Amino acid sequence: MKQRTWPSKSKLDSPFIKKQTPLKNHPTKTSSSSSSSNNHDFSQLPYDVLLKIAATFTVLNLRTASLVCKSWFEALKPLRESMLFLSWGKRFKHGRNGVKPNLSKALDSFLKGAARGSTLAMVDAGLVYWEMGRREEGICLYRKAAELGDPVGQCNLGISLLQGAARGSTLAMFHAGLVYLEMGRREEGICMYRKAAELVDPAGQCNLGFFLLQANPPDPEEAVKWLYKASVAGHVRAQYQLALSLHKGHGPNNNLQEAAKWYLRAAEGGYVRAMYNTALCYSVGEGLMQSHKLARKWMKRAADRGHSKAQLEHGRSLFSEGEMMRAVVYLELAARAGEAAADPVKNIILQQMSASSRGRAMLLANIWRALPSSH
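What counts, and at which threshold
- Residues numbered from 1 in each chain as written.
- Predicted model: local features only at pLDDT ≥ 70, side-chain atom pairs only at ≥ 80, totals over all residues.
- Heavy atoms only, no water.
- Helix = DSSP H or I, 4+ residues; strand = E, 2+ residues; numbered from the N terminus.
- Buried < 20%, exposed > 50% of the residue type's maximum accessible area, 1.4 Å probe, protein only.
- Contact = heavy atoms within 4.5 Å.
- Salt bridge = Lys/Arg side-chain N within 4 Å of Asp/Glu carboxyl O.
- pLDDT = per-residue confidence, 0-100.
- Phe/Tyr/Trp six-rings, centres within 6.5 Å; stacked < 30°, edge-to-face > 60°.
- Lys NZ or Arg CZ within 6 Å of the ring centre and 35° of its normal.
- Axes fitted to C-alpha atoms, helices over the stretch in contact; angles between N-to-C directions.
- Parallel < 35°, antiparallel > 145°, perpendicular 65-115°, else oblique.
- Left-handed = near helix turned anticlockwise from the far one by under 90°.
- Nonpolar A, V, L, I, M, F, W, Y, C, P; charged D, E, K, R; others polar.

## Regarding the overall build of the protein chain
- Within the protein chain, the regular secondary structure consists of 21 helices and zero strands.
- Among the 375 residues that make up the protein chain, the fraction classed as buried is 42%.
- Excluding contacts between residues fewer than 6 apart, the proportion of contacts in the protein chain whose partners are at least 24 apart in sequence is 53%.

## Focus on the pattern of salt bridges
- Applying the stated rule across the entire model yields 14 salt bridges.
- Here Lys 93 makes a salt bridge to Glu 131, at a shortest N to O gap of 3.5 Å. Within this pair, whereas Lys 93 is found in helix H5 (residues 77–94), its partner Glu 131 is found in helix H7 (residues 119–131), the two being separated by 38 residues in sequence.
- Each member of the salt-bridge network shares a partner with another, and the members are Glu 332, Arg 336, Asp 343 and Lys 346.

## Let's talk about the environment of Met 132
- Residue placement: Met 132 occurs in the loop between H7 and helix H8 (135–147).
- You can call Met 132 partly exposed: its relative accessible area is 34%.
- Along the backbone, Met 132 and Ser 104 are 28 residues apart, and their C-alpha atoms lie at a distance of 9.8 Å.
- Setting aside residues no more than four positions away along its own chain, Met 132 makes contact with Leu 103 and Leu 107.

## Here's the deal with the confidence of the model for the protein chain
- Residues of the protein chain with pLDDT of at least 70 account for 77%, and the chain-wide mean is 80.
- Mean pLDDT values over the elements of the protein chain span from 44, in helix H1 (residues 33–39), up to 97, in helix H17 (residues 292–304).
- Contacts of residues 9–38 to residues separated by more than four positions or lying in other chains number 26 contacts, the stretch itself having pLDDT below 50.

## A closer look at the packing of aromatic side chains
- Counting across every chain of the model gives four aromatic pairs.
- Relative to Phe 92, the ring of Trp 88 lies with its centre 5.8 Å away and its plane at 35°, an arrangement referred to as tilted. Placement of the pair is Trp 88 and Phe 92 together in helix H5, with a separation of four residues, close to one helical turn.
- Taking the relative accessible area as the measure of exposure, Trp 88 reaches 40% and is therefore partly exposed.
- Under the relative-accessibility criterion, Phe 92 is labelled buried at 16%.
- Of the aromatic side chains, those joined through ring pairs into one cluster are Tyr 240, Tyr 263 and Tyr 271.
- Above the face of the Trp 88 ring, Arg 91 is positioned so that its terminal group lies 4.5 Å from the ring centre.
- We note Arg 301 situated over the ring of Trp 298; from NZ or CZ to the ring centre the distance is 4.8 Å.

## Describing the packing of helix H19 (residues 324–336) against helix H21 (residues 355–367)
- Contact geometry for H19 and H21: axes closest at 9 Å, N-to-C directions at 50°. Relative to H21, H19 is oriented oblique. Seen from above, H19 lies across H21 with right-handed handedness. Taking contact as the criterion, the partners of Met 325, Val 328, Val 329, Glu 332, Leu 333 and Arg 336 in H19 are, on H21, Ser 357, Arg 360, Ala 361, Met 362, Leu 364, Ala 365 and Asn 366.
- Of the residues assigned to the contact of H19 with H21, the class counts are eight nonpolar, two polar and three charged.

Encoded structure:
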């Protein structure tokens, strides 16, 4: 069994950054004028996509966009309604147009506008929450607006997080660190993580450890110290990262038994990559007593939660046991996730199956859904 996911010198698992699947290349030329016009038929945009695009629009922009075509007019109806709630919210907040000031009614109107997708209403509702002292709810709305591209929401979110960090909130420090890193201000981000870590915040300790390993030059001993503290507190990503670090020879107790122990702990906490590495440890007896039964158990758990290499290995195992239908399903899932080694084995099995069995296997692969995990 090929094992290709032991600790890499070039990559470590990031505790918070998700990789984006690259887009497939699209042809730059079309074969006819009709196909070219179809590629630019924006009236066919799904309603949910259009609502996200227009989430930051003002009243004037919404009116203009609603006149483009009938489908846009229908799709943008919730946002036009949100503008009415936004207007009433401002009246109640500031006491305009003969309306008495009423902060509760203003908040209710803003929230109704926010529920219909307007970032303008989200920001105003966040401001009211902030004025009422309900800071976490305000930050939540700022974050929603920021993620939809609203510049005021992004600004208010940043200010709120920095103010929260200044008041000693480890959660705010953690998120402020994320914001700094996304802005390319690495040193300030690490500084925020260090403050959160020193205040015994496991997420801050985990991220601080990770970035100390990535620093130039790296500081593996300091990194392992913080990863160990977060791991003892039960932070599963830190447990996995600690296991990887120990496996690579970092830290005072850098033996394989200690690394395998933390792989297992993270796997038991639901961390998929740790499940796969735990399966490998049991399979070859590295750090754990060799047990093919336990190796199979953890490999299947990782495969059922979407780990492509685990799907490949589990599919091969099922093939060797004569479980052809199930083997094809796991190998097909692995192939779809980019594991090229799954195709030759899968094709051998498909040649031995009837047409109806092949169709059944593909149907099972199409309706398959990954089980929930902690990563």
